[in-house]
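Commentary on secondary and tertiary structure
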Amino acid sequence: FLQRLSCRTAMASRHLLLGALCVCCVGAWVPSTVTSKAHTRPTLLTATASGSHTEIDYRQQIKSLSGILQDMKEDIAELKVAASQLQQLELDDPTLADVGSGQDAQLLRTAVAEAKAACDIFGSSSAQSKMAWEEVDATAAHLGDGELHHPSFRYSAAALKAHHTYNAVVDAQLLQDTVKAVETIENLAHFVKVETHRLNEKNSNPMP
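Residues numbered from 1 in each chain as written. Predicted model: local features only at pLDDT ≥ 70, side-chain atom pairs only at ≥ 80, totals over all residues. Heavy atoms only, no water.

Brief notes about the overall build of the protein
Within the protein, the regular secondary structure consists of 8 helices and 0 strands. Ordered by position from the N terminus, the helices and strands of the protein form the series α-α-α-α-α-α-α-α. Burial status across the protein gives 33% buried among its 208 residues. Taking all contacts inside the protein whose residues are at least 6 apart in sequence as the whole, residues at least 24 apart take part in 67%. Total accessible area on the protein stands at roughly 12,600 Å², and carbon and sulfur atoms take up 58% of it. (Helix = DSSP H or I, 4+ residues; strand = E, 2+ residues; numbered from the N terminus. Buried < 20%, exposed > 50% of the residue type's maximum accessible area, 1.4 Å probe, protein only. Contact = heavy atoms within 4.5 Å. Areas by Shrake-Rupley, 256 points an atom, 1.4 Å probe, with all protein chains shown as cover.)

Written out as structure tokens, the structure reads:
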């Protein structure tokens, strides 16, 4: 499932960068089914020079968002279940996700702590978070090859005050944040459904 989700994430960026649903731990994405169904609904709006949009534009955007949310409904439900189950496994036995105690593990633990702290402090799409995750990637790339990468530490003090578990890459709090993010998208889907109905009713029964 996670491999399938990762592939769909790449497609999502093209669909949602213009009118993205942004959440802290989970980047909003659209499953691959969107590309096969995209012709059935309007495309997302692009910015205009004047910045003005009409009621037709608003209806179009609601319709597009409704279609996207409908297409990703099943995957969102699967993601929520998978994250919840993984969280419970880690809570039941924290050693399952423990990175270990060797030199490699310590470097990875610190780099991951920096990345999580940067996301908490500056936001997951910030330049600081991008730099921190580049350090994680560089550290992880050299694990076990004898060429240890020593990350530079910028947010260590903040990391100690944050709410994650730093001896795990995918920690229970991160998974809990993911579940909450999914629930936010689920709530949005309900509101969009109501708004779609309202607009349809308004279109069917215009005011005199």
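Some words on the nonpolar core
Counting 11 residues, the largest nonpolar core consists of Ile 62, Leu 65, Ile 68, Leu 69, Met 72, Ile 76, Leu 79, Val 182, Ile 185, Val 192 and Leu 199. Looking at this core, the elements with two or more residues in it are α3 (55–71), α4 (73–92) and α8 (172–204). Counting residues in hydrophobic clusters, the runner-up holds 9 residues, among them Leu 108, Ala 118, Ala 132 and Val 136. (Core = buried A, V, L, I, M, F, W, Y, C linked by side-chain atoms within 4.5 Å.)

Remarks on the pattern of salt bridges
Tallying each qualifying case throughout the model produces 7 salt bridges. Lys 202 serves as the salt-bridge partner of Glu 55, at 3.2 Å between the closest nitrogen and oxygen. Pair noted here: Glu 55 is in helix α3 and Lys 202 is in helix α8, with a separation of 147 residues, a long-range link. On the basis of relative accessible area, Glu 55 is assigned to the partly exposed category, the value being 40%. For Lys 202, a relative accessible area of 38% corresponds to the partly exposed category. Between Glu 186 and Lys 80 there is a salt bridge whose closest N-O contact spans 3.2 Å. Placement of Glu 186 in helix α8 and of Lys 80 in helix α4 is noted, with a sequence separation of 106 residues between them. Judged by relative accessible area, which is 27%, Glu 186 ranks as partly exposed. (Salt bridge = Lys/Arg side-chain N within 4 Å of Asp/Glu carboxyl O.)

Quick notes on the layout of surface pockets
Approximately 360 Å³ is the volume attributed to the second largest pocket. Examining the composition of the lining of the second largest pocket, we find that 6 residues originate from one element, α8, more than from any other. Broken down by class, the residue content of the lining of the second largest pocket amounts to 7 nonpolar, 3 polar and 3 charged. (1 Å grid on protein atoms, 1.4 Å probe; cavity = no way out; pocket = protein on both sides within 12 Å on 5 of 7 lines; lining within 4 Å. Points joined across faces, edges and corners; volume = space filled by probe spheres on them. Nonpolar A, V, L, I, M, F, W, Y, C, P; charged D, E, K, R; others polar.)

Looking at helix α5 (residues 103–122)
Counted at 1.5 Å a residue, the expected span for α5 with its 20 residues is 28 Å, and the 28 Å between its end C-alpha atoms agrees. Two residues or fewer past α5, Gly 123 is found with a positive phi of approximately 100°. (Expected span 1.5 Å × (residues − 1).)

Details of the side chain of Lys 116
Residue placement: Lys 116 occurs in helix α5. The buried category is assigned to Lys 116, whose relative accessible area is 4%. Within the structure, the side chain of Lys 116 is placed 3.0 Å from the backbone oxygen of Val 169, a separation counted as a polar contact. Not counting the four nearest positions on each side in its chain, Lys 116 is found in contact with His 164, Thr 165, Tyr 166, Ala 168, Val 169 and Asp 171. (Polar contact = N/O pair within 3.5 Å; in protein donor to acceptor, adjacent residues only side chain to side chain.)

A few points about the packing of α3 against α8
Two elements in contact, α3 and α8, have axes separated by 9 Å at closest approach and are oriented at 135°. In terms of orientation, α3 lies oblique with respect to α8. For the element pair α3 and α8, the recorded crossing hand is left-handed. Across the interface between the two elements, Glu 55, Tyr 58, Arg 59, Ile 62, Leu 65, Ser 66 and Leu 69 from α3 touch Ile 185, Leu 188, Ala 189, Val 192, Glu 195, Thr 196, Arg 198, Leu 199, Lys 202 and Asn 203 from α8. Of the residues assigned to the contact of α3 with α8, the class counts are 9 nonpolar, 3 polar and 5 charged. (Axes fitted to C-alpha atoms, helices over the stretch in contact; angles between N-to-C directions. Parallel < 35°, antiparallel > 145°, perpendicular 65-115°, else oblique. Left-handed = near helix turned anticlockwise from the far one by under 90°.)

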